Amino acid sequence: MSSSSSAYKTAIKQLMARIQTNPNDANSINQLNAIIEQFLQSYRLNGLFSECLQFLIQIVKQLIEIYPTINDFRPLIIQWLKFKRDVEKKNKEFFETKLKLRSFLDVAIPSTFNRTIPKAKDFLLCELYEYRNANIKSTQMIDERRTIVRSLYEQFYADGSDHFLCSRILLERIKLDLASGNPLDIEESNNLANHLRKCSPSSDDSHGIVQRLWLYTEYYLIKFQVCYSKLTSDMSKKIKQDYEEQKRQAAENNSINQLETFHAESMTMEAHKMLGKFSEKSIVSTLFKSWDMIKSKTSSAYTIDILKRVSIIYPNEIDMFYSNLHTIAALFDLFQYYTEAMEIYRYLLDLLPSYHPSRLTILTACNRLANKCSIDLEERYKPLPNLSSRDYPKATTQISSFDVDEALNLITIAENFLHLKNFRSCKQTLEVLEKRPIVSCLYADSFFVRSHLYNLQSKLVLNDDEQLKDFNRNDFLALIEESRSYCAQDLRTSLDIVDVNRLPELSQLQLTPLVLHSLQAYLSQVAHLILLNFEIGLYRNAKNYLLVGLEISVYLHAKRWFTFFLALNAQFFILSHQPDCARRKLDQLNHHLSTLDVCTNRQQDLFIDFINSWTDYVKLEYDYHTHAYEQIRTICETKLYPEYEKHNLVLDWHRLLYHRIHILYRLTCFQQLRKNSRSNENKKRLIWKIPSNSDKYTEFTFWTESWLTFLTLIEDQPPEILEKTSLWLHPVIVPDESNLTCLPEWTTMNDEQHQYHPQQTDSKWNNTLSPPQVNTGHPFDLNSMSTEEILALTTEPILPRTKTKKLIDTPRGKTPFQSENQKMLSTPNKNSLSSSSTTSNLMSTFRNKMPIDTSLATPICTPNRTGKKLPPLTVASSNTSSRPRRAAAIKADERIQQIHYDDTNESVHRIPSTTCQSPRLKSAPLDENNHEPVELLIDQLDTLHIERKLKFDDEDEEELNSSTKNNEKLLQQCIQLHDRLAYAPNAKLIRYLAEYIILLTGDQDPWLVVTLIVEMQAIGFRYNALCIYQRKKRHNTDRSSTSLPSVNNVFPEHLSHYIDALHFRPLTISYLKDILINELLPAKQVCVCLHTFTLVHDQILAVQIRGNYYAPVLRRVMFPRLLVKKFHFLIESNTHTLHGITDHKRYWAIRRYFEQLFERLLEDLNQVYLTSPMRWWWLPETTIFDGKKAMIDDLLTPLINSPQQRRFIEFFLHQTIFYLSSLDEIRQELSINLPPTVYTRLLSSRLIERLFEYKQRTYSNTSPSNSRPPQNLLLFLDNQLHIFPWEQLHCMTSLFRRIVIYRLPSILLLDGMHKYYYNSPSTSESEQSTQVNNNDMTIIPMEKTFYHHIDVDKGYYIVDPGNDLPRTKERFRKFQSEKPDLIDKWNGVIERFPTNDALKDIFKSKDVLLYMGHGSGSQFYPVDDVQKNSSRLCVLLMGCSSARLQSLGDFEVFGMPFAYLTCGAATILGCLWDVTDRDIDSLTFFLLEQLKAGASLGEALRFGRELCKLKCLNGAAPVIYGLPVRAR
């Protein structure tokens, strides 16, 4: 101010002189106040408190004589209050000596001023009023306000004859007592009521009329606040008690070891019961009385004219009256009383002048409510097209009142455009708003603006095809999460709380219009997010937001909101297939509905009408999931649809509900047609009309229209269209389920204990279009059995019902470390000795015999992604005894390059060409005389109840041709819908649609099938990861540098590579084949995808993928859901019996009993579902015969024209010759699974013998089998299959080429990890180095392979952070002392969890993280915090269920492994279910030893399982998610 100080002072003198000449010169007064404000603000913000006070005293001394009214001092009083507030925070000493308990009148007004005149009273009252305008909360500076009230009482109360003044003083005293937490003084309250009754101004006393209106609204609000504060205080205590009770019960049940589940009992807390007994009328009636009084007193035009005229004369009273009315309207809005809220909003907008600071806030709320209720507002209630800054005072801060009002005006305009579906104009308006400075500033006003901006942008994304297809802008989930975060930040700032989730901890809620609007917006966004997560299938997010919505609505006593969240809670349990919980929620919902205050006519109250309708819809969802299809149709056709025909659907939620009931009805009709086609073919389906308000915006229209389009395509198709065997080259494999060894009493024991709900059986609950329900079963306990009875169960021998298997030897003997009684793969119809069901214990010889291969093994991906070319075969290693012929090599190379060239020219997504024949039609006719031997052979195989014959002839050519023509249009329409939906998939719909396309096309185009499966994989994981990445990316580039959310330890390359890989878009076959498979994966890398059909009962589609331009091979197999459910039941029962047993003998008896149960279930997997020919689809296809491809092609091409059929025969040749040990077994297997003509030709050509000899020579000339590196198999599992221990399949553990399984959510994630780990600038050269691995002959003999390397010395351990595992601590300390060289360079903590700073350093600088404690550590470091980081960790989570993924019903799976993969971790090792500490501790120490010695993590785990005493119960639990890793 030094350079311009003199100029400003000159201006001040000139303005003062002008005001002295003309006291009514309002323009000069405003200019003078603006200059003074700038001076005071500059002093205050720069900490010049003495100078600021001195200047204020000097200037007020001059102004006291020239300002005509007290109102002219208002800007100075506001600056004075802000000055006191800042001094109190920053300079306590100065505040104590100069300002404490001193008013503006005491400090600024000269001592010569008479402090007993009415003008002194007005100064004190004005200062009291301006605390609100100075943004000082009601709980702040209470003593200062109390001093002012005391001065008013002592100097002006007198005998109490001035009833207006006495009422004001008493009101302020009561408000201060309430703000201090003191109870209401009844005597003082009665005294106030008496004074108010005597406030009766005459008709010409305009000041008295205004005062009475304000005092009455203030009085009613105080009555409301007294009642409401007591309710919220009691509810806060009750919620805290409930929380403590839940923690106590969790500790007693040791549930911290279990998977994070959504306990139903947490939703029937005492706080909820308390709200159920509460009637809203007890508090809302006060608001109704207040509004009725105002309408009766101000309905006349004369009174309204008075209010408009005196707004300038008495601005304080008028502003407080308007503020109170605004608060009442906001309360009505929050409690969902739309009619009353809209009346008050309109009333205020009629009264408020255009320049009033609250007008735009009220106008925004009014328009938002009008859009919600489809009310056509008059023009005077709509926003202005443009606001002019000239109508506002000159800004004294970076963000002025004009900036705030302009932002609110633009938001309202954009919302109105969105409501009218004018998306282009809405987008243009938001683009204008986004450029405004308020969006990028650090002020609190920015939070509110950004919240609405991102909320509108997220809705636009789903309605803008251009934005939807641009993955840089298609971030609707991240946008709505940002919107909720900024809304929460706005609430945190307004309420001065740390976290909005801790809102119920407040004993008293500050009731201001802005806070109430923020609460309304937050609850609306929470409800929107719950429904959004229902659509995209994110279970955990939906659960968390349900908890937030229920808890906040309970605390606020917003009973209508709570009832809505309760209905969503019931729907959540239905979608997650938890019928017991759903029934409890429905009962609770019915109770709350009966206690709601309802109008005489339900439709007069929009929200009550909606919540009853939504309850009807939730009950229909329950009926749908229990197969009550006829009941759904009856209710829809006789009740709901007739109601909706008469309904105008004005409420936006009603329109959404109408679409959902419509979709559910048509799904029901489709289900009925599929199940009972004959009985329903003549039954007419109700045709739903377009709703009357269809021209108005409705949430989730993108998915609604996609659902209806899909149903329109499929519902009139005959059910047989999905069951045509002619579309499949290979029939489904149907195992013989009579050989199941799972105990039937597992479920019968459960049924006997829970017979009070016989109608809720598993078979009834499971819907054809829904994954199996796995959590309805109550885990059985063994409390009723004695220890001896349990021991008797464990002594019973396990007798497999399947025929015995012959031990398969490798070319050079048995599999390494394979004992005589270990199960092996074999040909089923060979007689041999019975193999024992128990696995041998290798602990005595294991450590010495485990080979540590220091060379690099089969790769996960290649280091170079640019233009991988096939090298000529002439560079093959010379140590091979059987080199391929040059001509054959060149021919194979040319064919593969031609395949590559054909696929790169593909320009369409996946639509089959209409001019090309199906591969099935191109097949040459086979000799019919050759069919008989195959039929006879099948008849003789009485042990195989499997359809084995493959149709390679063209006997059904005409049928297939007709079917193709009929389905061609349907297929193209489905694919077009799929491509549009792929940019923002609905988790359930994209699955149904992709499966429908697969079932329409069959297996004749395997690349199409694989493409569709890849797009279906890990939808929830991709949504969750992309939301986190896009939010991090936005905050990294945020102009305001707002630290929301925390973005510490974020690597830019992590965000860019993962977003590029995981973003949603239609996946073309050429991109999948060339980029994701043949360039990402080396020739020797094999992937297996397992997909569970939902449109077809009990079928799994197994797909094997490998590089080197080989086509995928796939096969359908019957896999009953009962097996999945039994396994879930078994692990839940194991968890149930794992804790709380003190008898050592009984504990181990139960453990051995469950060990046998696990072994029997694995026996089912191995002996029933993994027999020939299904086992060949689980085993990785060998690559040693790739050099013989030309020779095989030359033989098969004259016989088979179809490339898919040739690929199938080639695959069978590779598998059988490589994995079987004798020519007799190979011939027998091929004779069963191949066409007779092909098999005869193979025998006559001696191709089988030549390939077998080639295999023998290859392995005899290389190193011993036990020193060969393992085969890394990448396993991509469907939602329901993650819980199975696929790593324990016999075919994975008993091969001479050892198989190590690494699980991953999706091939797309593999692509992102490849870029992040091997193409990032931060990747060291040593990590990008490659080594040659040529143990197997391949078409690329010099292929470069590698693992991800970690520095084992850069580790961190967290041992027993809960301080409740004493034996684990003891073992770890003993391990440290006995082998100090293994982890001597590690850092770590024992008996506690690391600090936040230590965790940041772990994710940033460590390579290995070891956790040894309960669970996955989420109780100490939640999933959300894990995902905020970027790292390259190898994580060992050695706790119970640490790798278990939640898989409930229609929702996508998620768990801690996915959280670490999201943050960029390379590998996560954890347990699928609860385990015991001794075995897992021993396994942990063994893994550390072997990693240090150079073994890969997967190979170390494979051998380490044998160390476990309980090999199935504990040894089978650990699995690996991520990339193969080994030490550098």
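Up top is the structure these notes are about.
Chemist: Please give an account of the overall build of the protein that cites residues and values.
Modeler: Across its full length, the protein carries 61 helices and 15 strands. Scored against the burial criterion, the 1528 residues of the protein give a buried share of 64%. Contacts in the protein between residues at least 24 apart in sequence constitute 79% of all its contacts with a sequence separation of at least 6.

Chemist: So what's going on with helix α40 (residues 1006-1016)? Residues and values would help.
Modeler: For the α-helix, the turn length of 3.6 residues means that residues three or four positions removed from each other point alike. The buried fraction of α40 amounts to 11 of the 11 residues, a majority that puts the element mostly inside the structure. Looking at α40, one finds that the buried residues are Pro1006, Trp1007, Leu1008, Val1009, Val1010, Thr1011, Leu1012, Ile1013, Val1014, Glu1015 and Met1016. Backbone geometry just after α40 places Ala1018 at a positive phi near 50°.

Chemist: Help me get a handle on the packing of helix α7 (residues 118-133) against helix α9 (residues 163-179), residues and values and all.
Modeler: Two numbers describe how α7 lies on α9: the axes approach to 12 Å, and their chain directions differ by 35°. Crossing of α7 over α9 shows left-handed handedness. Between α7 and α9, the contacting residues are Lys121, Leu125, Leu128 and Tyr129 on the first element and Leu165, Arg168 and Glu172 on the second.

Chemist: Tell me about empty space enclosed by the protein, and please be specific about residues and values.
Modeler: Estimates place the volume of the second largest cavity at around 360 Å³. If you list the elements that add at least two residues to the lining of the second largest cavity, you get α23 (513-536), α25 (559-575), α27 (606-625), α29 (652-675), α31 (701-714) and α39 (987-1001). No other element matches α29, which puts four residues into the lining of the second largest cavity. Grouping the constituent residues of the lining of the second largest cavity by class yields 14 nonpolar, four polar and five charged.

Chemist: I'd love a proper account of the side chain of Thr232, names of residues and values included.
Modeler: Positionally, Thr232 belongs in helix α11 (residues 206-253). In this structure, Thr232 is in contact with Leu506, Ser507, Tyr555 and His557, ignoring residues within four places of it in sequence.

Chemist: Outline a nonpolar patch on the surface, listing residues and values.
Modeler: Together, Ile312, Ile313 and Tyr355 make up an exposed nonpolar region whose accessible area comes to about 350 Å². Among the structural elements, Ile313 can be located in the loop between α14 (301-309) and α15 (315-334).

Chemist: Lay out the pairing of strand β2 (residues 1099-1106) in plain terms, naming residues and giving numbers.
Modeler: In terms of residue burial, β2 counts as a mostly covered element, since eight of its eight residues are buried. Burial of β2 is two-sided: the residues Gln1099, Leu1101, Val1103 and Ile1105 facing one way and the residues Ile1100, Ala1102, Gln1104 and Arg1106 facing the other way are all buried. Bridge count between strand β1 (residues 1086-1092) and β2: seven bridges; the pairing is antiparallel. If you follow His1091 over to β2, its bridge partner there is Leu1101. Counted along the chain from β1 to the antiparallel partner β2, the turn is six residues long, and its residue Asp1098 has a positive phi close to 55°. Strand direction decides the pairing type here: β2 and strand β3 (residues 1113-1118), joined by six bridges, are antiparallel. Following the sheet pairing, Gln1104 is matched in β3 by Val1113.

Chemist: Go over the packing of aromatic side chains with me, naming the residues and quoting the values.
Modeler: Scanning all chains against the criterion turns up 78 aromatic pairs. Taking 5.8 Å as the distance between ring centres and 75° as the angle between the ring planes, the aromatic pair formed by Phe1119 and Phe1284 counts as edge-to-face. Taken together, the positions of Phe1119 in the loop between β3 and α44 (1121-1136) and Phe1284 in the loop between β4 (1271-1277) and α52 (1290-1293) put the pair 165 residues apart, joining distant regions of the chain. You'll find Phe1119 and Phe1284 in the same group, each marked buried. When the centroid spacing of 4.9 Å and the interplanar angle of 55° are considered together, the rings of Tyr1357 and Phe1372 count as tilted.

Chemist: So what's going on with the nonpolar core? Residues and values would help.
Modeler: Core analysis: the largest hydrophobic core is formed by 477 residues, its most contacted members being Trp614, Trp703, Trp1286 and Tyr1460. The contacts of Trp703, once residues within four sequence positions are left out, are Leu462, Phe476, Leu532, Glu535, Ile536, Leu981, Ala984, Pro985, Asn986, Leu989 and Tyr1023.

Chemist: If you had to explain the pattern of salt bridges to someone new, which residues and values would you point to?
Modeler: Evaluation of the coordinates by the stated rule reveals 56 salt bridges. Between Asp177 and Arg146 there is a salt bridge, with the nearest N and O atoms lying 3.3 Å from each other. A residue pair is termed long-range when its members are at least 10 positions apart, and Asp177 in helix α9 and Arg146 in helix α8 (residues 142-157) qualify at 31 residues. For Arg1227, the salt bridge identified is with Glu1249, shortest N-O distance 2.9 Å. Taken together, the residues span a long stretch of sequence, with Arg1227 in helix α49 (residues 1223-1233) and Glu1249 in helix α51 (residues 1247-1260) at a distance of 22 residues. Here the salt bridges share partners, and the residues they tie into one network are Lys1189, Asp1193, Arg1207 and Glu1210.

Chemist: Tell me about unusual backbone geometry, and name the residues and values.
Modeler: The residue Leu101 is not glycine, and still its phi comes out positive at about 60°. Positionally, Leu101 belongs in the loop between α5 (92-99) and α6 (104-107). Despite not being glycine, Gln336 shows a phi value in the positive range, around 70°. If you trace the backbone, Gln336 turns up in the loop between α15 and α16 (338-351).

Chemist: Can you lay out the environment of Arg1034 for me, pointing to particular residues and giving the numbers?
Modeler: Residue position: Arg1034 is located in helix α41 (residues 1019-1036). Between the alpha carbons of Arg1034 and Glu482 there is a distance of 9.6 Å; along the sequence they are 552 residues apart. When sequence neighbours within four positions are dropped, the list of residues in contact with Arg1034 reads Tyr454, Asp475, Ala478, Leu479 and Glu482.

Here is what the cut-offs are and how they apply
Residues numbered from 1 in each chain as written. Predicted model: local features only at pLDDT ≥ 70, side-chain atom pairs only at ≥ 80, totals over all residues. Heavy atoms only, no water. Helix = DSSP H or I, 4+ residues; strand = E, 2+ residues; numbered from the N terminus. Buried < 20%, exposed > 50% of the residue type's maximum accessible area, 1.4 Å probe, protein only. Contact = heavy atoms within 4.5 Å. Axes fitted to C-alpha atoms, helices over the stretch in contact; angles between N-to-C directions. Left-handed = near helix turned anticlockwise from the far one by under 90°. 1 Å grid on protein atoms, 1.4 Å probe; cavity = no way out; pocket = protein on both sides within 12 Å on 5 of 7 lines; lining within 4 Å. Points joined across faces, edges and corners; volume = space filled by probe spheres on them. Nonpolar A, V, L, I, M, F, W, Y, C, P; charged D, E, K, R; others polar. Patch = residues over 30% accessible without salt bridge, like charges linked within 9 Å, V, L, I, M, F, W, Y side chains within 5 Å. Areas by Shrake-Rupley, 256 points an atom, 1.4 Å probe, with all protein chains shown as cover. Salt bridge = Lys/Arg side-chain N within 4 Å of Asp/Glu carboxyl O. Pairing = 2+ DSSP bridges. Phe/Tyr/Trp six-rings, centres within 6.5 Å; stacked < 30°, edge-to-face > 60°. Core = buried A, V, L, I, M, F, W, Y, C linked by side-chain atoms within 4.5 Å.

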